[in-house]
Amino acid sequence: MTDKVLVTKDLETVFSMRDGDAKAVNGVSLSVGRGEVLGLVGESGSGKSVTGFSIIGLVDAPGRIAKGSIKFQGTELVGMSENDLRALRGNRIAMIFQDPMMTLNPVLRIDTQMLEAILAHRKMPRAQALARCRDVLNLVGIAAPEERLKTYPHELSGGMRQRVAIAIAFLNEPDLIIADEPTTALDVTIQAQIIHEAQKLCRLTGTAMIWITHDLAVVAGIADRIAVMYAGRIVEQGTVDEVIDTPAHPYTVGLLGSVPSANKRGVPLRQIPGMTPNILSLPVGCPFRERCSRADEMCQVEPSRHVVREDRDWFCHHPHIAPDTSEATQ
Amino acid sequence: MKTVSPKEETPFGRFVSDFFANKVATFGFLLLILIIVLAVLAPWITPQNPYDLKQVTVMDSSMPPGSEALAGYTMLIGSDGVGRDLFSGILYGLRISLTVGIMSGVIAMILGISVGLTAAYVGGRTDSLIMRLVDLQLSFPSALIALMLIAILGKGVDNIILALVIVQWAYYARTVRGTAIVERGKEYVEAAACLGLPHRRILFRHILPNCIAPIIVVGTVQTAHAIGLEATLSFLGIGLPQSEPSLGVLIANGSQYLLSGKYWISVFPGVALLLTVVSINLVGDQLRDVLNPRLQK
Amino acid sequence: MSVLVFFGLNIIGDPVYMLVSPDADQEDIDRVIRNLGLDRPILEQYVLFVKGALQGDLGNSFIFGESALGLISRHMGATLELAFTALFLAIAIGIPLGLYAGLYPNRMSSRVIMTSSILGFSLPTFWVGLMMILIFSVQLGWLPSTGRGDTATFLGITSSIFTLNGLSHLILPAANLALLKVSLVIRLTRAGTREGMQQDYIKFARAKGLSTTRVVGVHLLKNILIPIVTVLGLEFGSLIAFSVVTETIFAWPGMGRLLIESILQLDRPVVVAYLMIIVALFVVINLLVDVVYSILDPRVRLKEQGK
């Protein structure tokens, strides 16, 4: 598939701890195409952020990519030199972080932080680069960009800062943006605005995006496809409609059940029992087994991939076979 | 010292095995023990009492290391300008340095603990007044405060100890107050107060024991600091008098001979001082790591 | 404070006997006492002192006969030169080493740096000074051991850093004075680096594809410099205090050596004046640190504008 911007195959990212190796990312295969938004969903600790950092090559010691491949527009990123990776970072692949309060350097002005992102990758006159900064700030819905450029981050609101961070990501018109929970720390109204801006920009520029979140409601609003992650693995993939309307994996069902919505008023929210497992001591077999109501002896064996289509699959012995939605929400 | 096998997990046993897990700290501890033993036993193990005029002769002055004294023994690290065996002089000097350092440390500790506990327990205006004073003092470098005090008080053993006490007490007071305030808020203190126990008993039987770990840590660091400070003042000629030749005084005396190449007279007392301070600091560093509950696994 | 110093000094001893020759008769002694104003009751002496102090007059030196304040300010230049050079050395050596140890905490060389910095804390300054003289002056004969060399005036500042001879005299004492602070700067920088590199804004800067030089040199350094400058500013006072020791060892003609001589010779007005100046210096330094801090940290700046 040549229109795929990014294809990862059996990606494994390992953190070497004193108590042994922790596989934060355990055999993740995913792909995103041009202009497509992939929602990567999971609880905290499921390895979704580490997946993002692995792709952009910013996994710090004691972590390292142990296995697998990351192909970005046909080029293998695993094993690429730090210099070549740096040339891609912020240029062809950009990243947006979770907490806008922390991502901008508190002691540098906005213009400094934007200009350096451009000038690190291409030579151009300062005035031209500044003009580009203003254009992009306008694009993400910041009024009076001229004034904003001269401020320090702490003088801006959280939503404004995240817009600046998004603007920085779009500065060099990258082919891929990895957004790591970019709206989690924001108010719901601002969240909606930001999602809208991001979606618009992707359509406009053809940029592919991986939107990492724990919030299925958010992802339903922005993504084209969804990949659900649990304990370092992708347990289910499909289009938004497929995953939201006809989820197969009990974990996805659980996640959907814990989202409040208007048409379930009065019905108590369901929780997934138990906690995210410690990746150092995963149960044998299916990692979700101990929290799953459908689990039986079969689940002592790790489930294999059930493929519907190239981009529609799940890993489960007892899937909530679609399209019976009554079963899914019982 | 009672040896405890690591298998018995008594708190003390664990403390001992934790402490000696670090090789550098173990080395520091053994070195410190050796230094203290040498200082205590000085009158019995030195070939000469350097301050008994009958045993000292000018004929032996400024002899390089390894020379033979008139009295027949070998002067391992040479002799000083007036013919005293340097090795003997250093051990006697160690006695004085350690005595001054430890004595001032203990007095400052008692003073600091009393003040810190009072501040924490009484609270209110007394507390803020005391802590204001402590902060004011700690904002000035201790060497400068010691200098000022000596300028006011004059030289002499008593005044040096007094100056060192005044320099140090604030550290103890701040540490004890900090810990005591945390402890005071805990339920067992409230329970003890509810039982109608007298203040004194609550302070000394309940709160104080919990402050011991930080006090020990501050104590080692401060004692090393006091020994170094005394040596500095004595070197400057405003510390201990010639009649109480601590290591600092020995180094000061030796420094006159430095330019003529008779290095040993000031080098070896300095090495002794350095080893003493470093060994105490190594022990203190490790104590802090072992006793700090936040770092404990 | 002034009360304590003033009365304390009166108790120590009588400076008169140091000023008159041993065979002077009572009449001579009386004359000296009258000249120095020591015949008046001590309370009156103190009132006179305070009156003078308010007018910027801290009395005349018993030994040199000139005004104590003037005497000290004449010696202050040499001390400030020494302290600033030491501060510069501490920063120039400490920050790179601290950065290195913080960026590569597991390398052997980093461990060596950290262990040496513990040693730097433990070494008695005055003894290290002696050893420096022994090695570089006596044994190797590279550098002079005592005194201040030639000075030259440049841009209105008279300093020995403008002449080669002056520099050669300055290196040893400045290095000696810098020793303690180098350890401090290394530890501060390392701790700041270790913490800073974990921050999101550093990761974000790296995600922008910036070079390591820019990430460390601009994004990291500008942040960790804030606490370092604050602490160093406050430590500058202790540099001045410790210069007493260094100046004595290297016979550096600064106000620290003047203090020790004055204490030994019971030259009370000079000691009092020195202490007053030091206290004033500390107040000024604290103010300056606040100013610099607000320049470096835009967050503080905003708060103050808002007031």
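Not measured: the values here are computed from a predicted model.

What counts and what doesn't
- Residues numbered from 1 in each chain as written.
- Chains lettered and ligands numbered in written order.
- Predicted model: local features only at pLDDT ≥ 70, side-chain atom pairs only at ≥ 80, totals over all residues.
- Heavy atoms only, no water.
- Buried < 20%, exposed > 50% of the residue type's maximum accessible area, 1.4 Å probe, protein only.
- Helix = DSSP H or I, 4+ residues; strand = E, 2+ residues; numbered from the N terminus.
- Arc of directions from axis to C-beta.
- Contact = heavy atoms within 4.5 Å.
- Expected span 1.5 Å × (residues − 1).
- Salt bridge = Lys/Arg side-chain N within 4 Å of Asp/Glu carboxyl O.
- Polar contact = N/O pair within 3.5 Å; in protein donor to acceptor, adjacent residues only side chain to side chain.
- Domains from an automatic or database assignment.
- Buried area = accessible area lost by both parts, 1.4 Å probe.
- Nonpolar A, V, L, I, M, F, W, Y, C, P; charged D, E, K, R; others polar.
- Phe/Tyr/Trp six-rings, centres within 6.5 Å; stacked < 30°, edge-to-face > 60°.
- Pairing = 2+ DSSP bridges.
- Axes fitted to C-alpha atoms, helices over the stretch in contact; angles between N-to-C directions.

Caption draft 1: Structural view of helix H1 (residues 11-19) of chain B. Residues and elements named next belong to chain B. The complete set of buried residues in H1 reads Gly 13, Val 16 and Phe 19. The buried side chains of H1 occupy one side of the element, clustering within an arc of 135° when seen end-on. Considering only its buried residues, H1 is in contact with helix H2 (23-40) and helix H11 (264-291).

Caption draft 2: Examining helix H7 (residues 125-139) of chain C more closely. Residues and elements named next belong to chain C. Here H7 is 15 residues long and its end C-alpha atoms lie 20 Å apart, about the 21 Å a rise of 1.5 Å per residue gives. Most of H7 is tucked away: 11 of the 15 residues are buried. Along H7, the positions that sit buried rather than exposed are Thr 125, Phe 126, Trp 127, Val 128, Gly 129, Leu 130, Met 131, Met 132, Ile 133, Leu 134 and Ser 137. Immediately downstream of H7, the backbone of Gly 141 shows phi near 65°, a positive value.

Caption draft 3: Inspection of the side chain of Ser 238 of chain C at higher detail. Structurally, the position occupied by Ser 238 of chain C is in helix H10 (residues 212-250). Ser 238 of chain C sits in the buried class, given a relative accessible area of 7%. With near-sequence residues (within four places) excluded, Ser 238 of chain C lies in contact with Pro 141 of chain B together with Lys 181 and Phe 282 of chain C.

Caption draft 4: Representation of the interface of chain B and chain C in the model. Taken together, the contact pairs 34 residues of chain B with 36 residues of chain C. On the surface where chain B and chain C come into contact, there are zero salt bridges. In this assembly, chain B and chain C are joined by zero residue pairs in polar contact (both at pLDDT 80 or more). No other element matches H11 of chain B, which puts 10 residues into the side of chain B that touches chain C.

Caption draft 5: View of the domain arrangement of chain A. Residues and elements named next belong to chain A. With domains assigned, chain A is organised as domain 1 (4-92 + 174-190 + 207-329) and domain 2 (100-171). Distance from the C-alpha centre of domain 1 to the C-alpha centre of domain 2: 30 Å. The partner domain 2 presents eight residues to the 13 residues of domain 1 that form the contact. Around 780 Å² of area is buried between domain 1 and domain 2 when both sides are counted, 64% of it from carbon and sulfur atoms. Along the contact surface separating domain 1 from domain 2 lie zero salt bridges. Counting across the domain 1 and domain 2 interface gives three residue pairs in polar contact (both at pLDDT 80 or more). Broken down by class, the residue content of the side of domain 1 that touches domain 2 amounts to seven nonpolar, three polar and three charged.

Caption draft 6: Quick peek at the packing of aromatic side chains. Scanning the entire structure with this criterion turns up eight aromatic pairs over all chains. Here the aromatic rings of Phe 84 of chain C and Phe 236 of chain C are separated by 4.8 Å at their centres, their planes lie at 35°, and the arrangement is tilted. Linking Phe 84 of chain C in helix H5 (residues 68-103) with Phe 236 of chain C in helix H10, this pair joins segments that are 152 residues apart in sequence. Judged by relative accessible area, Phe 236 of chain C falls into the buried class, the value being 9%. Taken together, the ring pairs in this structure connect Phe 53 and Phe 97 of chain A together with Phe 204 of chain C into an aromatic cluster.

Caption draft 7: Region of interest: the sheet that holds strand E2 (residues 20-33) of chain A. Residue and element names in this part refer to chain A. Read across the open sheet, the four strands follow the order E2-E1-E4-E5; overall the sheet is antiparallel. What marks the edges here is a single partner per strand, and that holds for E2 and strand E5 (75-76). Note: strand E1 (residues 4-17) against E2, 11 bridges, orientation antiparallel. Counterpart to Met 17 in the pairing with E2 is Gly 20. Strands in contact with helix H1 (residues 48-56) are E1, E2 and strand E4 (63-72); relative to E1, the strand with the most contacts, it is inclined by about 110°.

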